[in-house]
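Geometric and topological summary
Residue strings, one per chain:
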Amino acid sequence: AQKITQTQPGMFVQEKEAVTLDCTYDTSDPSYGLFWYKQPSSGEMIFLIYQGSYDQQNATEGRYSLNFQKARKSANLVISASQLGDSAMYFCAMREGIYNFNKFYFGSGTKLNVKP
Amino acid sequence: GAVVSQHPSRVICKSGTSVKIECRSLDFQATTMFWYRQFPKQSLMLMATSNEGSKATYEQGVEKDKFLINHASLTLSTLTVTSAHPEDSSFYICSAREIEKLFFGSGTQLSVL
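A brief report on the enclosed structure follows.

Conventions and cut-offs
- Residues numbered from 1 in each chain as written.
- Chains lettered and ligands numbered in written order.
- Predicted model: local features only at pLDDT ≥ 70, side-chain atom pairs only at ≥ 80, totals over all residues.
- Heavy atoms only, no water.
- Helix = DSSP H or I, 4+ residues; strand = E, 2+ residues; numbered from the N terminus.
- Rg over C-alpha atoms; globule rule 2.2 N^0.38 Å.
- Contact = heavy atoms within 4.5 Å.
- Areas by Shrake-Rupley, 256 points an atom, 1.4 Å probe, with all protein chains shown as cover.
- Lys, Arg positive; Asp, Glu negative; His and termini not counted.
- Charge placed at Lys NZ, Arg CZ, Asp CG, Glu CD.
- Disulfide = S-S within 2.5 Å.
- Buried area = accessible area lost by both parts, 1.4 Å probe.
- Salt bridge = Lys/Arg side-chain N within 4 Å of Asp/Glu carboxyl O.
- Polar contact = N/O pair within 3.5 Å; in protein donor to acceptor, adjacent residues only side chain to side chain.
- Nonpolar A, V, L, I, M, F, W, Y, C, P; charged D, E, K, R; others polar.
- Pairing = 2+ DSSP bridges.
- Axes fitted to C-alpha atoms, helices over the stretch in contact; angles between N-to-C directions.
- Buried < 20%, exposed > 50% of the residue type's maximum accessible area, 1.4 Å probe, protein only.

**A word on the overall build of chain A**
When helices and strands are counted, chain A shows 0 helices and 12 strands. In chain A, the order of α-helices and β-strands from amino to carboxyl end is β-β-β-β-β-β-β-β-β-β-β-β. Taken against the 2.2 N^0.38 rule, which gives 13 Å for 116 residues, the C-alpha radius of gyration of chain A at 14 Å falls within 12% of a compact globule. Counting only C-alpha atoms and orienting by the principal axes, one finds that chain A spans roughly 40 × 25 × 20 Å. Long-range pairs, those at least 24 residues apart, make up 56% of the contacts in chain A between residues at least 6 apart in sequence. For chain A, the exposed area adds up to about 5,500 Å²; of that, 48% sits on carbon and sulfur atoms. When the 11 positive and 10 negative side-chain charges of chain A are each reduced to one mean point, those points stand 3 Å apart.

**Notes on the state of the cysteines**
Residues and elements named next belong to chain A. Evaluated as defined, the whole model comprises 2 disulfides over all chains. For cysteine 23, the disulfide goes to cysteine 92, at an S-S distance of 2.0 Å. On the S-S bond that ties cysteine 23 to cysteine 92, the torsion sits near -65°, and the link is left-handed. Here cysteine 23 is found in the loop between β3 (19-21) and β4 (24-25), whereas its partner cysteine 92 is found in strand β10 (residues 88-96), with 69 residues between them in sequence.

**Comments concerning the interface of chain A and chain B**
Of the residues lining the interface, 18 residues belong to chain A; the matching set on chain B comes to 19 residues. Buried area between chain A and chain B, both sides added, is near 1,600 Å², and the carbon and sulfur share of it is 64%. Taken together, chain A and chain B are joined by 0 salt bridges. Seen at the junction of chain A and chain B, the total is 5 residue pairs in polar contact (both at pLDDT 80 or more). The greatest single-element share of the side of chain A that touches chain B, amounting to 3 residues, is contributed by strand β5 (residues 32-39) of chain A. Residue composition of the side of chain A that touches chain B, by class: 10 nonpolar, 6 polar and 2 charged.

**Considering the sheet that holds strand β8 (residues 76-81) of chain B**
Residues and elements named next belong to chain B. A sheet is described by the order of its strands in space; here 4 strands give the open sequence β1-β3-β8-β7, paired in antiparallel fashion. Edge positions in the sheet fall to β1 (4-7) and β7 (67-73), since each of these pairs with one other strand and no more. The sheet shows a mean angle of 15° between the axes of neighbouring strands, direction not considered.

**Re the environment of alanine 48 of chain B**
All names here are of chain B. Along the chain, alanine 48 turns up in strand β5 (residues 44-51). Each C-alpha atom of the pair alanine 48 and cysteine 94 lies 9.8 Å from the other, and the pair is 46 residues apart in sequence. The contact partners of alanine 48, leaving out residues within four places of it in the chain, are Met33, Phe34, Trp35, Thr57, Tyr58, Glu59 and Ile69.

**A short note on the pairing of strand β9 (residues 74-79) of chain A**
All names here are of chain A. β9 sits mainly inside the fold: 5 of its 6 residues count as buried. As paired strands, β3 and β9 are joined by 3 bridges and run antiparallel to one another. Each residue of the ladder has a partner; that of valine 19, found in β9, is isoleucine 79. Relative to β9, strand β8 (residues 64-69) runs antiparallel, the two being bridged by 6 bridges. Each residue of the ladder has a partner; that of leucine 66, found in β9, is leucine 77.

**Describing unusual backbone geometry**
Residue and element names in this part refer to chain B. With omega at -5°, the peptide bond leading from histidine 7 into proline 8 counts as cis. Position of proline 8 relative to the elements: it lies in the loop between β1 and β2 (10-13). Of note in the backbone geometry, lysine 41 takes a positive phi value of approximately 60° without being a glycine. Overall, lysine 41 belongs to the exposed group, its relative accessible area being 84%. The backbone phi angle of serine 83 is positive, close to 45°, even though this residue is not glycine. As for its placement among the helices and strands, serine 83 is situated in the loop between β8 and β9 (90-98).

Following this line, the structure appears as structure tokens:
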């Protein structure tokens, strides 16, 4: 089974609108971490947001928020007030275990296009 | 977030030559760094785990003699692609662990002619 599933290969959103990028995960380890990264065409992987499995509150970082639904094993990224610069590839990832980055899994990515 | 610097960002070399890529954690110490390879329109593939002061751990199918990794200090890991061939052309990206999070460098696009 896939550890991280991103079901949206591509998404379009109008500038200034909010958009949700879907991510589901699969693990039986009670300790894990969930990440979202942005990869623009330049290639760098930009860390956006992190959610630990024991965190009670949903993580937020500026315009980014992570909708963490533990029972459903989903960790959707919400980008509010989209900007043209948000156009990029977005990867959801999971660290399985407390600090075990050897078990670090990426989804296949979602390409987001923000329309003016 | 923490900053990871990777150089060079782009390199073109002739077949048979060796290329060194550097990965530095600028504002934190990283006992563990990771090297990934990414093919066009695909996700990242872990190549190896670089441990400060010890030998790197390579993923299955990755040739350790071709992809030499040295983690000489708590802030620097290097990947040397030895005797590069056109099939080694790819995007290589490093990452460094800071406690529970993973931060990435900006990547290196390697083109072997």
